[in-house]
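A closer look at the structure
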Amino acid sequence: MLTLPNQKLQRIKAKLSKALTRDGALVTEIAPQTLSLIGNQHISDYQKLKVRLEKAFQLFITIAATELYPLIIAVDDLQWADNASWRIISSIADPLLPHNIYVILAYRNNTVGYRNKVNSLLQTLDLGRALTVNLERLTLDAVRTLLTEVFAGQLQDTDKLLWLTYRKTAGNPLYLKQMLNLLLQNRGIYYPGQWAAERNCLS
Amino acid sequence: MVERKQPFDADKPGSVELRLQEIIVGREKEIEAIKMQFDAVLEGNTAFTLIAGDVGCGKTALVKAVLADLASSRPLAPMVSSNRSLVPSPILPSRK
């Protein structure tokens, strides 16, 4: 939009100014690139502005949850949420709001920093009877099931590959899948009529 | 075990890789618990589920599997997510 001819740009600026009035500051706060369009509006009371934004979002979610029922909101990597994002999440978790939504919050808890940050954020919410799922590493049996299913039961030396992958990845699903992908790409596991692992790879 | 319903030919190029990408194992209890929690919403409540774990332990994959499962059994469950890869169609994507 900013690359448009000046005359057109001025017309858009005028329209935005008329439509947004003092709420233009809400837009420039979220998207600073719009400053040259909307102008640097004076924010007389920043706290009031934040409350208006949260109220607007609450209203949006309330209507969405009613119209799109059942509404599910999944937020991944909560450990990286900034304050503004967290305030939005808090505003939709307000128990006084008349909406029925399912909120899934996923986060890393592998460092003290992440744990402390997420715990302090969660303490500010009224979660009611929240379900907490702590994902552990896969068991040896689960890895065996994975190998059996992935290769449709057609893998020779399953046990050897099982021990190799489990020892190297400690049952971490991501590392396990990455390792198997690497073996497939490099023909460490190949298909000469039946899936098999290279002897060098297993030794 | 949870998987998408994809045809599978063991010798077809890419089939194993695709299967490897989509299969989730060892999370059956967690998936059932999450689906039960979702039932509370159908009964008229707001419900929360917190999924925590180490890097690579399958948090995103679990959410993705559950969302796909819920969407397939309940077509009126639109979804908004901070991670576009989580969201099965039909979607209301976020800007990320």
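Structural notes, computed from the coordinates. All residue numbers refer to position in the chain's written sequence, counted from 1. Chain letters and ligand numbers both follow the written order, the letters beginning at A and the numbers at 1. Given that this is a predicted model, residues contribute local features only at a pLDDT of at least 70 and side-chain atom pairs are listed and counted only at 80 or more, while totals for whole chains, interfaces and linings are drawn from all residues. Derived side-chain values reflect all non-hydrogen atoms in the structure, with water molecules and hydrogen atoms excluded from consideration.

Moving on: the overall build of chain A. Elements are defined by DSSP. Helices are runs of H or I of four residues or more, strands are runs of E of two residues or more, and each kind is numbered from the N terminus. Helices and strands together make up the secondary structure of chain A, namely 10 helices and 5 strands. A fraction of 56% describes how many contacts in chain A between residues 6 or more apart in sequence connect residues 24 or more apart. Throughout, the Shrake-Rupley method with a 1.4 Å probe supplies accessible areas, and for residues the shown protein chains are the sole cover considered. Split by element, the accessible area of chain A, about 12,000 Å² in all, is 54% carbon and sulfur. We call two residues contacting when some pair of their heavy atoms lies within 4.5 Å.

Here strand E3 (residues 131–135) of chain A shows one buried face, formed by Leu 131, Val 133 and Leu 135 of chain A, and one open face, formed by Thr 132 and Asn 134 of chain A. Paired strands are those between which DSSP finds at least two bridges. Where E3 of chain A and strand E1 (residues 47–53) of chain B come together, 5 bridges link them in parallel fashion. Opposite Asn 134 of chain A, over in E1 of chain B, you have Ala 52 of chain B as the bridge partner. Each residue's exposure class comes from its accessible area (1.4 Å probe, protein chains only) as a fraction of the maximum for that residue type: buried when under 20%, exposed when over 50%, partly exposed otherwise.

For E1 of chain B, a buried count of 7 out of 7 residues is recorded, marking the element as mostly surrounded by other parts of the structure. The two faces of E1 of chain B match: Ala 47, Thr 49, Ile 51 and Gly 53 of chain B on one face and Phe 48, Leu 50 and Ala 52 of chain B on the other face are all buried. Examined bridge by bridge, strand E2 (residues 101–108) of chain A and E1 of chain B share 7 bridges and lie parallel to one another. In the sheet register, Ile 104 of chain A faces E1 of chain B, and the bridge partner there is Thr 49 of chain B.

We define a salt bridge as a side-chain nitrogen of Lys or Arg found within 4 Å of a carboxyl oxygen belonging to Asp or Glu. In the structure shown here, the tally under the stated rule is 5 salt bridges over all chains. Here Glu 149 of chain A ties to Arg 19 of chain B by a salt bridge, and the two come within 3.6 Å at their closest N and O atoms. Placement of Glu 149 of chain A in helix H7 (residues 140–150) and of Arg 19 of chain B in helix H1 (residues 15–22) is noted, with the two residues assigned to different chains. With a closest N to O distance of 3.7 Å, Glu 32 of chain B and Lys 35 of chain B form a salt bridge. Of this pair, Glu 32 of chain B and Lys 35 of chain B both sit in helix H2 (residues 28–42), separated by 3 residues, roughly a single helical turn. Residue Glu 32 of chain B is classed as partly exposed on the basis of its relative accessible area, which comes to 44%.

With that out of the way, let us pick up helix H4 (residues 46–67) of chain A. Here H4 of chain A contains 22 residues, and its C-alpha end-to-end distance of 32 Å stays within 8% of the 32 Å for a straight helix at 1.5 Å per residue. All of the buried residues in H4 of chain A are Leu 49, Lys 50, Glu 54, Gln 58, Ile 61, Thr 62, Ala 64 and Ala 65 of chain A. A helix is expected to span 1.5 Å for every residue after the first.

Facing the 54 residues of chain B at the interface are 54 residues of chain A. Once two parts are brought into contact, the accessible area they lose, counted with a 1.4 Å probe and summed over both, makes up the buried area. A combined buried area of about 5,000 Å² lies between chain B and chain A, and 63% of that area is made up of carbon and sulfur atoms. When residues of chain B are sorted by the area they lose upon contact with chain A, Leu 20, Phe 48 and Leu 50 of chain B head the list and together hold 18% of the total. Note that Arg 137 of chain A is salt-bridged to Asp 54 of chain B, the shortest N-O span being 3.8 Å. Any pair of N or O atoms that falls within 3.5 Å is considered a polar contact. Within protein, one atom must be able to donate a hydrogen and the other to accept it, and sequence-neighbouring residues count only if both atoms are side-chain atoms. Between the two partners, chain B and chain A, sit 24 residue pairs in polar contact (both at pLDDT 80 or more).

The subject of this paragraph is the environment of Leu 9 of chain A. Residues and elements named next belong to chain A. In this structure, Leu 9 sits in helix H1 (residues 6–20). Judged by relative accessible area, Leu 9 falls into the buried class, the value being 10%. Sequence separation between Leu 9 and Leu 37 is 28 residues, and the spatial gap between their C-alpha atoms is 7.9 Å.

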